[in-house]
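As a plain string of letters, each chain reads:
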Amino acid sequence: MSKNRNVDLALTALAPAIWGSTYLVTTEFLPSGYPFTVAMLRALPAGLLLLLIVRRLPEGIWWPRTFILGALNFSFFWAMLFVSAYRLPGGVAATVGAVQPLIVILLSRVFLGSPIRVLSVVAGLAGIAGVALLVLTPGATLDPLGVLAGLAGAVSMAFGTVLSRHWAPPVPPLTFTAWQLAAGGLLLVPVALFFEPSLPPLTTANVLGLAYLGLIGAAFTYLLWFRGLSRLEPSAVSPLGFLSPVVAILLGWGVLGEHLTSIQALGILVVFASVWLSQRAQLMPKVRPARA
């Protein structure tokens, strides 16, 4: 790999690594029972703040495209994620969502003409197995609606990932991030108002948690994510999402004192191997030379 590509991969991988802290921050710092309101407060203030910085709004075709991408990457994706999380054990929800890289491979073929590499598929399957080892428990149960919501969320994020590269916005990643966060947050406002009661008075811990999720967990991380999508193939970027449950497990072990089993340690190794395989697959030649 070239030095520039390694830098791009490292910076992009920071995004899902930081997303892995979302569970810890949500459970320890935020009021429980307000998933859509928290999601809206995570996206909208950060998006509006970035808009004040970039001072540029979408033009022409980018108005509908921005709201489509905002819904796919934020509004609909987060809504389905919460439905899945509420109706399924956390391990099952995470494993269902881990099919996203495989969906990205297929969509990249359709929209970008990218080849379907066998090694990429193997890496995606290995990633699912690694996540399953990390988070699944023997007594986990399946709820059909929860599974459907988890799959819908994975498809939504996969479409958002590929379309973000396919449409290639004529603006810097910071501006693109501002547009999507603001649009996604606006779309979540009626959902939060209709489905949830008003928030209780916020404590200092609540405010700090929301500030972290908005500024670091949304604005900063999605800037890195969309920057990566502008420079790398979606099939290379999407498997980096497997790092998120790894960080979540490690934070639970290191900060909350949760037990780390040997099976979970094996899962971490499998996830790292799958991410490495997915990047090796991108370096394979697209067309094999003909035999003499």
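Reference entry: report on the structure contained in this document. Sequence positions are assigned chain by chain, starting from 1 and proceeding in written order. Residues qualify for local features only when their pLDDT is at least 70, as the model is predicted, and side-chain atom pairs are given and counted only at 80 or more; totals for whole chains, interfaces and linings, by contrast, use all residues. Neither water nor hydrogens contribute to the side-chain values; these are computed over all heavy atoms in the structure.

Attention now goes to the overall build of the protein. In terms of helices and strands, the protein carries 13 helices and 0 strands. Runs of H or I in DSSP of at least four residues are treated as helices and runs of E of at least two as strands, each being numbered from the N terminus. When the elements of the protein are put in sequence order from the N terminus, they spell out α-α-α-α-α-α-α-α-α-α-α-α-α. Radius of gyration means the value over C-alpha atoms here, while the globule rule gives 2.2 Å times the residue count to the 0.38 power. Its C-alpha atoms give the protein a radius of gyration of 19 Å, within 12% of the compact-globule value 19 Å for 292 residues. With the principal axes as the frame, the protein shows a C-alpha extent of 75 × 50 × 35 Å. Accessible area is worked out with a 1.4 Å probe on protein chains only. A residue is then buried under 20% of its type maximum, exposed over 50%, and partly exposed in between. Looking at the protein as a whole, 49% of its 292 residues qualify as buried. Only heavy atoms enter the contact rule, under which two residues are in contact if any of them lie within 4.5 Å. The long-range share in the protein, meaning contacts at least 24 apart out of those at least 6 apart in sequence, stands at 91%. Accessible surface is estimated by sampling points in the Shrake-Rupley manner with a 1.4 Å probe; for residues, cover comes only from the protein chains shown. Within the structure as shown, the protein displays about 14,100 Å² of accessible surface, and the carbon and sulfur contribution to it stands at 71%. Here the protein contributes 16 positively and 7 negatively charged side chains, and the mean placements of these two sets differ by 17 Å. In this tally Asp and Glu are treated as negative and Lys and Arg as positive; neither His nor the chain ends contributes. Where a charge sits is defined by one atom per residue type, namely NZ (Lys), CZ (Arg), CG (Asp) or CD (Glu).

As a further point, take helix α3 (residues 35-54). By this rule, a helix spans an expected 1.5 Å times one less than how many residues it contains. For α3, with 20 residues, the first-to-last C-alpha span of 29 Å sits near the 28 Å given by 1.5 Å per residue. Counting buried positions along α3 gives 14 out of 20 residues, so the element sits mostly inside the fold. R55, located one to two residues past α3, shows a positive phi value of around 50°.

Bringing the packing of helix α12 (residues 243-254) against helix α13 (residues 262-282) into the picture now. Axes here mean lines fitted to C-alpha atoms, for a helix over just the part in contact, with angles spanning 0 to 180 degrees between N-to-C directions. At their nearest, the axes of α12 and α13 sit 10 Å apart, and the two run at 150° to each other. When the axis of α12 is compared with that of α13, the two are roughly antiparallel. In the crossing of α12 with α13, the sense of the turn from one axis to the other is left-handed. Residues L243, V246, I249 and L250 of α12 touch α13, and the partners they reach there are Q264, I268, V271, F272 and V275. Between 65 and 115 degrees an angle is taken as roughly perpendicular, under 35 as roughly parallel, over 145 as roughly antiparallel, and anywhere else as oblique. Less than a right angle of anticlockwise turn of the near helix away from the far helix marks a crossing as left-handed, whereas a clockwise turn marks it as right-handed.

Right, let's talk about unusual backbone geometry for a bit. We note that R55 has phi near 50°; this positive angle belongs to a residue other than glycine. Relative to the assigned elements, R55 resides in the loop between α3 and α4 (62-87). The class of R55 is exposed, set by a relative accessible area of 71%. Positive phi outside glycine occurs at A168, with the angle close to 45°. Counting through the fold element by element, A168 comes out in the loop between α8 (144-167) and α9 (173-195).

Attention shifts here to the pattern of salt bridges. Every case where a carboxyl oxygen of Asp or Glu lies within 4 Å of a side-chain nitrogen of Lys or Arg is listed as a salt bridge. The final tally for this structure, using the stated rule, is 2 salt bridges. Between D8 and R227 there is a salt bridge; the shortest N-O distance is 3.1 Å. Here D8 is found in helix α1 (residues 3-19), whereas its partner R227 is found in helix α10 (residues 204-231), with 219 residues between them in sequence. In this structure, D8 and R227 share a single accessibility class: buried. Put simply, D8 and R231 hold a salt bridge, and the shortest N to O gap is 3.8 Å. Taken as a pair, D8 in helix α1 and R231 in helix α10 lie far apart in primary sequence, 223 residues in all. Of the residues examined, R231 reaches a relative accessible area of 48% and is grouped as partly exposed. A network of salt bridges, in which partner residues are shared, links D8, R227 and R231.

What follows covers the nonpolar core. Counting residues in each nonpolar core, the largest one holds 56 residues, and the members touching the most others are W78, F176, L181, Y222, W225, F226 and V271. Ranked by the residues each element gives to this core, the list is headed by α3, at 8 residues. When residues no more than four places from it in sequence are discounted, the contact partners of F176 are W62, L69, S164, P169, V171 and F226. For our purposes a nonpolar core is just a set of buried Ala, Val, Leu, Ile, Met, Phe, Trp, Tyr and Cys residues, chained together by side-chain atoms within 4.5 Å.

Time to look at the packing of helix α2 (residues 22-29) against α10. Axes are the key here: two packed helices are described by the angle between their axes and the distance separating the axes. Contact geometry of α2 with α10 gives a least axis separation of 9 Å together with a crossing angle of 160°. It follows that α2 is roughly antiparallel to α10 by the angle criterion. Crossing geometry of α2 relative to α10 is assigned as left-handed. Residue-level contacts link T22, V25, T26 and F29 of α2 to A205, N206, G209, Y212 and L213 of α10. A per-class count over the contact of α2 with α10 returns 5 nonpolar, 4 polar and no charged. Amino acids are sorted into nonpolar (Ala, Val, Leu, Ile, Met, Phe, Trp, Tyr, Cys and Pro), charged (Asp, Glu, Lys and Arg) and polar (every other residue, Gly among them).

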